[in-house]
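# Fold and geometry: a report
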Amino acid sequence: MSLISRLRWNEAPSRLSSRSPAEMVLETLMMELTGQMREAERQQRERSNAVRKVCTGVDYSWLASTPRPTYDLSPIERLQLEDVCVKIHPSYCGPAILRFRQLLAEQEPEVQKVSQLFRSVLQEVLEKMKQEEEAHKLTRLWSLRPRGSLATFKTRARISPFASDIRTISEDVERDTPPPLRSWSMPEFRAPKAD
């Protein structure tokens, strides 16, 4: 046997290429949920041990072994969460995890509430994705719409800054005085004379 056949450096790993981005997002988010549930359960156990230690005055924590996790998601709840996780775009996976960790740090929920908090974070992310998609559609429509030329705008608009239907005293005075000499660089704007 040659050494080259053992190394197989030129073959791409089949495990990485067979997984779709949606599967990777699903696995990442569900691993995050499981890890945070374990952490919440550990913190809850530590709080109860601290309360028991204060009440009894004795610490037997060194004697007790680490108990197995007591709370687990029901299969239906797990499937529902997986269904929502699959809808998350890979670019939103990191921000979803950060938001989830932030809410856990702020609220310190019990183990039973962690999955509800996770679901609410996923719903927030889906809403944000929907809003950004709508905004993207609007910008695409705006950029693809036909634009009118400036020539059509010029024919429709007439510049008459002094023309008005409202009679004022200054207007009567201005009509009686001769127009001042204008400089050659300024355009001449005059209201049409009513006969």
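Residues numbered from 1 in each chain as written. Predicted model: local features only at pLDDT ≥ 70, side-chain atom pairs only at ≥ 80, totals over all residues. Heavy atoms only, no water.

## Some details on the packing of helix α4 (residues 75-86) against helix α6 (residues 111-144)
α6 packs onto α4 with a crossing angle of 20 degrees between their chain directions and a minimal axis gap of 10 Å. Between α4 and α6, the angle is such that the two are roughly parallel. Of the two possible hands of crossing, α4 and α6 adopt the one that is left-handed. Judged by residue contacts, E77, Q80, L81, V84 and C85 of α4 engage S115, F118, R119, L122, Q123 and L126 from α6. Residues belonging to the contact of α4 with α6 are distributed by class as follows: 6 nonpolar, 3 polar and 2 charged. (Axes fitted to C-alpha atoms, helices over the stretch in contact; angles between N-to-C directions. Helix = DSSP H or I, 4+ residues; strand = E, 2+ residues; numbered from the N terminus. Parallel < 35°, antiparallel > 145°, perpendicular 65-115°, else oblique. Left-handed = near helix turned anticlockwise from the far one by under 90°. Contact = heavy atoms within 4.5 Å. Nonpolar A, V, L, I, M, F, W, Y, C, P; charged D, E, K, R; others polar.)

## Focus on the packing of aromatic side chains
Summed over all chains, the structure comprises 1 aromatic pair. Geometrically, the ring pair formed by F100 and F118 is edge-to-face, given 5.0 Å between the ring centres and 65 degrees between the ring planes. With F100 in helix α5 (residues 93-107) and F118 in helix α6, this residue pair connects regions lying 18 residues apart in the sequence. F118 gets classed as buried once you look at its relative accessible area, which sits at 2%. (Phe/Tyr/Trp six-rings, centres within 6.5 Å; stacked < 30°, edge-to-face > 60°. Buried < 20%, exposed > 50% of the residue type's maximum accessible area, 1.4 Å probe, protein only.)

## Structural notes on the pattern of salt bridges
It is possible for side chains of opposite charge to pair when their charged atoms get near one another. Scanning all chains against the criterion turns up 7 salt bridges. One salt bridge connects R42 with E46, and the closest N-O pair in it is separated by 2.3 Å. Note that R42 and E46 are positioned in helix α3 (residues 21-56) at a spacing of 4 residues, about one turn of the helix. Accessibility expressed as a relative area gives 32% for R42, which makes it partly exposed. Judged by its relative accessible area of 44%, E46 is partly exposed. A salt bridge links K137 to E133; its shortest N-O distance comes to 3.9 Å. Here the residue K137 and the residue E133 both occupy positions in helix α6, the gap between them amounting to 4 residues, near one helical turn. Judged by its relative accessible area of 43%, K137 is partly exposed. Salt bridges sharing common partners tie together E39, R42 and E46. (Salt bridge = Lys/Arg side-chain N within 4 Å of Asp/Glu carboxyl O.)

## So, unusual backbone geometry
A negative phi angle characterises most non-glycine residues, just as the trans form characterises most peptide bonds. For E108, which is not glycine, the phi torsion reads 45 degrees and is therefore positive. Structurally, E108 is set in the loop between α5 and α6.

## Quick look at the packing of α3 against α4
Where α3 contacts α4, the two axes come as close as 9 Å, and the packing angle between them is 130 degrees. In terms of orientation, α3 lies oblique with respect to α4. Seen from above, α3 lies across α4 with right-handed handedness. Between α3 and α4, the contacting residues are A22, V25, L26, L29, M30, L33 and T34 on the first element and R78, L81, E82, C85 and V86 on the second. Of the residues belonging to the contact of α3 with α4, the class tally is 9 nonpolar, 1 polar and 2 charged.

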